[in-house]
Amino acid sequence: MTNQTFEQLKKTYESGRTRPLAWRRAQLNALRRLVTENRDAFVSSAMADLGKPAAETVLMELNLVAGEAQFVRNRLSLWTARHPKAMHWMLQPAAGWTIAEPKGVVLIISPWNYPVLLALEPMADALAAGNAVCLKPSELSPNTSKLLAELVPQYLDTEAVRVVEGGPKETGDLLKNPFNHIFYTGGGHVGKIVMRAAAEHLTPVTLELGGKSPCFVDRTADINVAARRIAWGKFTNAGQTCVAPDYVLATSDVAEALVKRIAVAVTEFYGEDPKASPDFGRIINDRHFERLCKLLPVGTVPPEEPSSPLVQVASAVGAAMDMVGRRFNAVSAGRAGAADTAGGGVGGTNNAAKSAAGPNAAAVDSDATASAAVEPSEIHKVPGVFDPAGRIVCGGKVDRAARYIAPTVLYGTSPDAPVMKEEIFGPILPILVVEDAVSAIRFINKRSRPLAAYVFSRDHEVRLTFERQTSSGALGYSLPLGHLLSSRLPFGGVGASGIGTYHGKAGFLTFSHVKTVVTKPQFPDTLRLVYPPFNEAKAKLFDIIAKFS
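Computed from a predicted structure; not experimentally measured.

(A) Just the environment of K103, in detail. In this structure, K103 sits in the loop between β2 (95–102) and β3 (105–109). For the pair K103 and L509, spaced 406 residues apart in the sequence, the C-alpha separation amounts to 9.8 Å. In this structure, K103 is in contact with Y13, N131, N180, H181, P204, T510, F511, S512 and H513, ignoring residues within four places of it in sequence.

Okay, here's the thing in structure tokens:
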């Protein structure tokens, strides 16, 4: 079935059907109608899959798809036109230009966390570029996947746009076909599988992955504004956003106040009981729910099933022993760190312009975040916090049956805690205490390059240092998620967080081949001057040319 789908799309593309601008505009208009005319259906499917609030689905998915389709449609004439380029003077008379042509048949593999946006937004870019498109939505959001499979044929050209539903088997079968481009959004593990499969056909890929996006806050920031924006960026879609702030690095003079203010912001957004709030989502499935529970401090999550009194006592004793072990390890690590750093010191925030990590630090990348080594002096230990995950300031409540995890803020998290060893992708926000921006940058640069980084500071020197000495897909000053919402800004990762970009013109170019075209009249044939045989006169001519080149 997947092979037949590919062959049909290939036949359609080779017929030239997708190339005319009129066809492209018609498809983009239809895509806008698809999301605007079926708003309620998409809201219902996202609610069924993720418990996603209606406002989030409309604002963060449907409106963005419609906006992207209109943005690229209105600029097609400019982007597809010839763009003249100057030719070398030795070739005159001559002319050159570039022109964007479609790549061909493209495969888009979309994830479950934003099942409409991350399926249809890259599709808008691919259609604008004149490609035939095969869409593989995520099986983990089955209601939205089914809805897309029903609606796409009703609105778009069925010969040029196909939806293939299914799981890993269907995805694997699709990857066996020689697509002209593969666009994948998801985790790094599957990203490697996609890239290996693409290599078999030398197919170019765009990988939109993720990572642990850091957020730095110092005393110059407006704490109230920072807390609200961090809480919004983190807990939107129950934290299941690839560019959500993954953890916070706050300077010691502001950390405690920031933690308390974020807790207040959570209450302002979702009320005293976020579980009852219509504006807070749920975790996608049981597997992700259990994974997130393991990141919380010991004893936070109740046993999975009711057990006998004897088993409960044994579990309590085990939990107590585990806690004692964690406290012992934490105290030992603290003493070792103190011994290692005795007699040393660190600079203040105003020293941010000094070299934080060496000339090549921003380029340091690691495939496994968990292997990052962290110097004890970079993270301050918070008194009274013994669990490496930190102390729960707000949240920590869970409901397995509802796949609900409350917006949770952890204070005094250790860098070697489980919650710091993987992308969280859920409503858990660890806050670590650092000395200054220099320490924060060193910490960030020892880990995999993230999809985004955020800085809440009004110190120009600090901002400039982050911009110059860290590497991330995007950098936001006092604005989480902002670059995700704009068609004018390229969106993508670097290193382990992704390859390539899209949105607006960047997306159009991702799905296009920019072809160089040159022309030279046959008369006069000035190239005769460089034809063999190469005599002494021509040698002198070459010397003269070299002097002017």
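(B) The arrangement of the sheet that holds strand β20 (residues 512–519) in detail. Taken in spatial order, the three strands make up an open sheet running β1-β2-β20, and their pairing is antiparallel. The open sheet has two free edges, formed respectively by β1 (83–85) and β20, since each of these has just one partner strand. With direction set aside, neighbouring strand axes in the sheet form an average angle of 30°. Where β1 lies against β2, three bridges are found, and the strand directions are antiparallel. The residue of β2 that forms the bridge with K85 is G96.

(C) Summary view of a nonpolar patch on the surface. A surface patch of nonpolar side chains, about 460 Å² in accessible area, is lined by W89, M90, I544 and F548. Tracing the backbone through its elements, the reader meets I544 in helix α17 (residues 536–548). The exposure class assigned to I544 is partly exposed, which follows from its relative accessible area of 46%.

(D) Focus on the nonpolar core. Formed by 121 residues in total, the largest nonpolar core has its most connected members in L120, M123, V217 and L249. Counting 20 residues, the second-largest nonpolar core is a separate cluster that includes F6, L107, C134 and V164.

(E) Here's a closer look at unusual backbone geometry. P524 follows F523 through a cis peptide bond whose omega is 0°. Tracing the chain through its elements places P524 in the loop between β20 and α17. With an omega dihedral of 0°, the bond running from P532 to P533 counts as a cis peptide bond. Relative to the assigned elements, P533 resides in the loop between β20 and α17. In this model, S478 sits at a positive phi of 60°, which is unusual for a non-glycine residue. Along the chain, S478 falls in the loop between β16 (475–477) and β17 (491–492). Given the relative accessible area of 17%, S478 is considered buried.

About the thresholds
- Residues numbered from 1 in each chain as written.
- Predicted model: local features only at pLDDT ≥ 70, side-chain atom pairs only at ≥ 80, totals over all residues.
- Heavy atoms only, no water.
- Helix = DSSP H or I, 4+ residues; strand = E, 2+ residues; numbered from the N terminus.
- Contact = heavy atoms within 4.5 Å.
- Pairing = 2+ DSSP bridges.
- Axes fitted to C-alpha atoms, helices over the stretch in contact; angles between N-to-C directions.
- Patch = residues over 30% accessible without salt bridge, like charges linked within 9 Å, V, L, I, M, F, W, Y side chains within 5 Å.
- Areas by Shrake-Rupley, 256 points an atom, 1.4 Å probe, with all protein chains shown as cover.
- Salt bridge = Lys/Arg side-chain N within 4 Å of Asp/Glu carboxyl O.
- Buried < 20%, exposed > 50% of the residue type's maximum accessible area, 1.4 Å probe, protein only.
- Core = buried A, V, L, I, M, F, W, Y, C linked by side-chain atoms within 4.5 Å.

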